[in-house]
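What follows is the residue order along each chain.
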Amino acid sequence: MRTSVIGYPRVGALRELKFATEKYFRKEISADELQSTAKDIRKSQWLVQKVSDLDFIPSNDFSFYDNMLDTAVLFNIIPNRYSDLGLSALDTYFAMARGYQGEAGDVKALAMKKWFNTNYHYMVPEIDDSIELKLTGTKPFDEFAEAKALGVQTKPVLIGAFTFLKLLRYMGTKTAEDYTEAVINAYSGLLGRFGSAGAEWVQFDEPYLVYDLAEKDIALFEKLYSGILSSKKKVKVLLQTYFGDLRDCYGSVSSLDFDGIGLDFTEGNKTFELVTENGFANGKLLFAGVVNGKNIWKNNYKTTLSLLTELKAKGIDTVISTSCSLLHVPYTLKNETKLPKKYTGHFAFAEEKLLELAELKELSECDYTNAGAFKVNAALFESRPDCFDPAVQERVAKINDSDFTRLPEFSARETVQKKEFDLPVFPTTTIGSFPQTADVKANRTAFRNGGISVEQYVEFNRKKISECVELQEEIGLDVLVHGEFERNDMVEYFGEQLNGYLFTEKAWVQSYGTRCVKPPLIWGDISRDKPMTVEWSLYAQSLTKKPMKGMLTGPVTILNWSFPREDISLKESAYQIALAIRDEVLDLEANGIRIIQVDEAALREKLPLRKSDWYSEYLDWAISAFRLVHSGVKAETQIHTHMCYSEFTDIIKAIDNMDADVITFEASRSDLLILDSLKESDFKTEAGPGVYDIHSPRVPSVQEIKTALDKMLEKISPEKLWINPDCGLKTRGIAETTASLKNLVEAAKELRNENS
Ligand code: GLN
Ligand code: ZN
């Protein structure tokens, strides 16, 4: 059997591309210098893959910002507002990615969206009727030639015609169907050129095929590929899918003239069933996605090899592949110097996955049960040190239905709380964090490096908290926060205090463009030894008579922004975390904190791609995990939650079902459409749609906020409306924060006057 990788990470093992690109943005290095860093990165990655004995090495998986954007530029899809700037090709590209403000003009960036169910974000290209879609770029050919010159034969990778057309944003009157001919020509042109350049295979990525597809979609897919494949001469074409299975289009895919089909056996719940029940098209190669491209655990050879054996027994010619691009995992364990071997031995980042592919290839060709590599691997799955905590497991096992139900029910609580807090109508609050000024970060760093004592660290933060409380009192906010000065990150802060978590030093994963994140790893059963936030919250509460919100991150967000375990279900992990956070909620309450906010910024992150799976596979337990967190509090205790988006029209019932008392969410950048659905669904939870955008340093005027509020009041009844910014203020400066919040409070006052 041969081996294949769908795509490799590209920011550089130590984020070299990120740093070079940001230097280029700051004009500290030239375009040539940036290009040369990029070239070095590509070279070292191709060579790493080559020495690992990988058979299908990808090219064109590199990107300065994003592959969707690359594909748009390749096909001449550059809106006039960017080409009109008259910049170099590279700068035009970056203008599309990040916007441009300078001598040549002032334009916003293209929109950015989550790439399927990952935490990677792609740029959404825009096409209007004036744009002629045609093959004009050369990036894939250049990179293919670049690899070839290094002695590396690659398999160029491109986003496929169907996925590309489905993800484009159509600004004019034309739709996807109107571009079929142009797209067929462009992709046929690609195949022709790769043929002449000496490519043996070209990979077209079609993840859109794993969504629920309508007949019209399937017809479009068939039309595109009948066209593209009819021009195929020398080059073989691999149709690569990932992030799910092909239950809606397996037949179409099989009947088209592809030379290879890539199926995801990791995330594709029905992939094996599809292959078993329908067979696999004769004469085609099956690229079997068996090495997980999304998680960092070592592959279980026993499971994988028995699958490969079954495929072989069916007479299927199989290539061992990753389940998706390795873009979603960090580079290499080699850079982790602090984690003990007893843990790292269980992990495989991108480079280690190459080794796994090589081992699997070898093992698949022999009687593997006695092979050394197989035994070493099997032993790993039998011994997981520090992993299981019977007490935690027992607690999870004992959860029963009543643990998910908070009593009394919502409306009774609402009445109790109105009395208890006696807040003005339209209460004002913030989302939690206050500006993380340089001294705040320096204090944390100094403490971490042992530069200052615990006492010094605490004293500094207390000073910050008291300034923050004083500022909020002066501004006139109604429900206060402590400011979160002790937190680096809303997940890491809790992970570091929970048992069961591990942290890496260099395990960065690209989130978008030059932004990378370093998700913590859930190693074992999660538990909490002692209160994590109580002291800070109590101190803050002691400084004011107004209610001080306790501030926690919810279980679903903690889970979704970590690398999860594979030996237990996501649901079970979520419940373990929920129990730990529940204890924190109860401790806050027992200590006199009367309002507690549990942030679920990433609730939507792992929503399944197929709507039919939303509840059964995800929302049922995700919402339950949240309910478990707060079901134990008294009627008088008010539970808030916060989300960083308002895209929940389609899951609005589930959101209301979280049974929080108040929800605040991002709404200022979206068109407030969400308000209609709040009204239509008779949303019971009190709501604070963000009244201004904290992602920009702009100070919103009183009038502007007032206008937003008036709109909100058309859809939300006055006793349910809260007034707040749309997210935490940590990235903002003090001056603009103060000015903005003063205007917010002023707008609230005007609204109260008009409505009293
Ligand atoms: N409470 C957090 C903060 O204010 C929420 C952050 C978030 O929603 N991403 O920073
Ligand atoms: Zn937020």
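Residues numbered from 1 in each chain as written. Chains lettered and ligands numbered in written order. Predicted model: local features only at pLDDT ≥ 70, side-chain atom pairs only at ≥ 80, totals over all residues. Heavy atoms only, no water.

Let's talk about the packing of helix H8 (residues 180-197) against helix H9 (residues 215-230)
In step 1: At their nearest, the axes of H8 and H9 sit 8 Å apart, and the two run at 40° to each other. Between H8 and H9, the interaxial angle falls into the category oblique. Handedness of the H8/H9 crossing: right-handed. Together, Thr-180, Val-183, Ile-184, Tyr-187, Ser-188 and Leu-191 of H8 and Leu-220, Lys-223, Leu-224, Gly-227 and Ile-228 of H9 make up the contact between the two elements.
In step 2: A class-by-class count of the residues in the contact of H8 with H9 yields 7 nonpolar, 3 polar and 1 charged. (Axes fitted to C-alpha atoms, helices over the stretch in contact; angles between N-to-C directions. Helix = DSSP H or I, 4+ residues; strand = E, 2+ residues; numbered from the N terminus. Parallel < 35°, antiparallel > 145°, perpendicular 65-115°, else oblique. Left-handed = near helix turned anticlockwise from the far one by under 90°. Contact = heavy atoms within 4.5 Å. Nonpolar A, V, L, I, M, F, W, Y, C, P; charged D, E, K, R; others polar.)

Let's talk about the sheet that holds strand E10 (residues 201-205)
In step 1: On the basis of which strands lie adjacent, the open sheet formed by 8 strands has the order E1-E14-E13-E12-E11-E10-E8-E2 and parallel pairing. The open sheet terminates on both sides in strands that have one partner only, identified here as strand E1 (2-4) and strand E2 (57-59). On average, each strand axis in the sheet is tilted by 30° relative to the strand beside it, whichever way the strands run.
In step 2: One ladder, built from 5 bridges, connects E10 with strand E11 (residues 236-240); its direction is parallel. Residue pairing in the sheet places Val-202 in a bridge with Val-237 of E11.
In step 3: In this fold helix H12 (residues 301-313) packs onto strand E13 (285-291) and strand E14 (317-322), with an angle of close to 165° to the strand it touches most, E13.
In step 4: Where helix H14 (residues 350-364) meets the sheet, it contacts E1, E13 and E14, and its direction lies at approximately 155° from that of E14. (Pairing = 2+ DSSP bridges.)

Section: helix H5 (residues 89-98)
In step 1: Taken across its 10 residues, H5 has 7 buried, putting it largely inside the fold.
In step 2: Once H5 finishes, Gly-99 follows within two positions and takes phi at roughly 85°, a positive value. (Buried < 20%, exposed > 50% of the residue type's maximum accessible area, 1.4 Å probe, protein only.)

Remarks on the pattern of salt bridges
In step 1: Going through the model one piece at a time under the given rule, you end up with 49 salt bridges.
In step 2: Among the salt bridges present, the one from Lys-418 reaches Glu-686, with a minimum N-O distance of 3.0 Å. Taken together, the residues span a long stretch of sequence, with Lys-418 in helix H17 (residues 410-421) and Glu-686 in strand E23 (residues 686-689) at a distance of 268 residues.
In step 3: Note that Asp-676 and Lys-715 form a salt bridge whose closest N and O atoms lie 2.7 Å from each other. Within this pair, whereas Asp-676 is found in helix H26 (residues 673-680), its partner Lys-715 is found in helix H27 (residues 702-715), the two being separated by 39 residues in sequence. (Salt bridge = Lys/Arg side-chain N within 4 Å of Asp/Glu carboxyl O.)

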